Each structure stands twice: as structure tokens, then as C-alpha cells.
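# An overview of the molecular structure
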Amino acid sequence: MKSLHARDYKRMPWKNGGGETVEIAIFPADASVETFEWRISMATVANDGPFSIFPGIDRTLSILQGNGMALAIENDNPVLLTKASPPLPFPADVRVHATLPDGAIVDLNVMTRRDTWRHRVHRHVGPLSSAETTATQTLLLAVGPVTVSGAGAVHHLKDMDALMLEAGLSISVRPDKPEGSYFLIELIRL
């Protein structure tokens, strides 16, 4: 298990210049926004507008903070995402327009290059007594303080800290508060 601390995350402008991304993890480690195989990041969205286009990429979006965001994907009817919504997967190489019905939000964005990786994003609330990591790699992102036990180690994560987990680990997760939540992001090499 490798700890990733929120204070160390890399900050960079959006591809379309409309905001700032906080990069949690990227593979390969020296990849750019054009060459990554997978990327996990957070972004503050403060204004309505289009999403950046990423050819050949699949993405999943979740709301971490704020009162929600409506996404019109390829001119379909908008889908409202809130903190309680399940993560929303969609292609990153189609037109997407975001509308903020009630102020700025912070989102979690997971992207994988579809010809080499796929991903699954799960939002959990409350404790998880035992889970086996079966994906090539799994990232756990804390939303509020959580304690993660596994492989003979105990990790105390603060809000927005993460753990990178290799395949084959058995872990348990305990949020500090009963309603505490966290995301498990599975990255699967094809």
C-alpha cells in the first residue's frame, strides 16, 4: 500500500484552460495530459461550460463537494449528479456541457485510455469489513478521515488522502464517522 497525501497532489490548468485540476495519480508517472494511460484527479467547477475532449479516453465522474452539476452528454437531456449519485461513466471524446444549478462543485474524475485500460468507480458509505483487491491496481480516496487496515499495516487517511493498492490485498476500511465515505477506484489493464 502506498500513501498519497492531498498536500502533495499536483495542480495544473485544465486542458481547455477553463479551470484547475488537482492530479491525485497518473500512469505512467511521467505522462502528460495527452499521453497518460490512466489518470485520477479532482477539479473545482465554478462556471457552466464545456468539458475538455480527450480522444480515446473513457471517464467516470463523481461529485465530492457542492450541490450538484448537470451534464448534457452529446446533446442528450442533462443528467444531474450530486454527492449521493452513483459515479457516472461516459466517453471523454464526446461533447459534454456542464451546468451548475446551485453553485460551484468539486468533482472526482477517473480517466482510462480505452484500448489499454478500463476502470470501475465505487462510492462507499460506512465501514467495509473485508475487501479483496482484484484489479491491476486499486486507489482508495478518503472523503473525510478513514482508517485502512491490510497487509499487516494500518493507514490513517485524512480528507482527500489516498492509498494505492496492488492486486491481491485484503483490506478493511473504517471511517471516523458512521456516515463517512470513500471511493474505491479499480484500474484494470486489458
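Predicted, not measured: the structure shown is a model, and the values here were computed from it.

### Remarks on the sheet that holds strand β8 (residues 79–81)
Spatially, the four strands line up as an open sheet ordered β5-β10-β7-β8, and their pairing is antiparallel. Both edges of this open sheet fall to β5 (49–50) and β8, since each of them pairs with a single strand only. By the bridge criterion, two bridges tie β5 to strand β10 (residues 96–99) in an arrangement that is antiparallel. Bridge pairing in β10 places Pro50 opposite His97.

### A closer look at the nonpolar core
Counting residues in each nonpolar core, the largest one holds 23 residues, and the members touching the most others are Ile24, Ile40, Leu64, Leu108, Leu139, Leu141 and Ile185. Those elements that place two or more of their residues in this core are β3 (20–27), β4 (38–45), β11 (105–113), β12 (117–125), β14 (137–143), β17 (162–166) and β19 (181–189). Among all residues touching Leu139, those that are not within four sequence positions of it are Leu4, Ile24, Ala25, Ile40, Ala162, Leu163, Met164, Phe183, Leu184 and Ile185.

### Topic: the side chain of His119
Mapped onto the fold, His119 is located in strand β12. The exposure class assigned to His119 is buried, which follows from its relative accessible area of 13%. One polar contact links His119 to Thr60, side chain to side chain, over a distance of 2.7 Å. Reaching out from His119, the side chain makes a polar contact with the side chain of Thr112 at a distance of 2.8 Å. What His119 contacts, discounting residues up to four positions off in sequence, is Asp58, Arg59, Thr60, Val110, Thr112, Glu186, Leu187 and Ile188.

### A few points about the confidence of the model for the chain
Looking at the chain as a whole, the pLDDT averages 94, with 98% of positions reaching at least 70. Strand β9 (residues 88–91) holds the highest mean pLDDT among the elements of the chain, 98, whereas strand β2 (residues 10–13) holds the lowest, 86.

### With respect to the packing of aromatic side chains
By the definition in use, this model includes five aromatic pairs. Here Phe27 and Trp117 contribute two aromatic rings whose centre-to-centre distance is 5.8 Å and whose plane-to-plane angle is 65°, an arrangement assigned as edge-to-face. Taken together, the residues span a long stretch of sequence, with Phe27 in strand β3 and Trp117 in strand β12 at a distance of 90 residues. A connected cluster of aromatic rings, assembled from ring pairs, spans Phe27, Trp38 and Trp117. Sitting above the plane of the Phe36 ring, Arg113 keeps its charged end 5.5 Å from the centroid.

The rules behind each value
- Residues numbered from 1 in each chain as written.
- Predicted model: local features only at pLDDT ≥ 70, side-chain atom pairs only at ≥ 80, totals over all residues.
- Heavy atoms only, no water.
- Pairing = 2+ DSSP bridges.
- Helix = DSSP H or I, 4+ residues; strand = E, 2+ residues; numbered from the N terminus.
- Core = buried A, V, L, I, M, F, W, Y, C linked by side-chain atoms within 4.5 Å.
- Buried < 20%, exposed > 50% of the residue type's maximum accessible area, 1.4 Å probe, protein only.
- Contact = heavy atoms within 4.5 Å.
- Polar contact = N/O pair within 3.5 Å; in protein donor to acceptor, adjacent residues only side chain to side chain.
- pLDDT = per-residue confidence, 0-100.
- Phe/Tyr/Trp six-rings, centres within 6.5 Å; stacked < 30°, edge-to-face > 60°.
- Lys NZ or Arg CZ within 6 Å of the ring centre and 35° of its normal.

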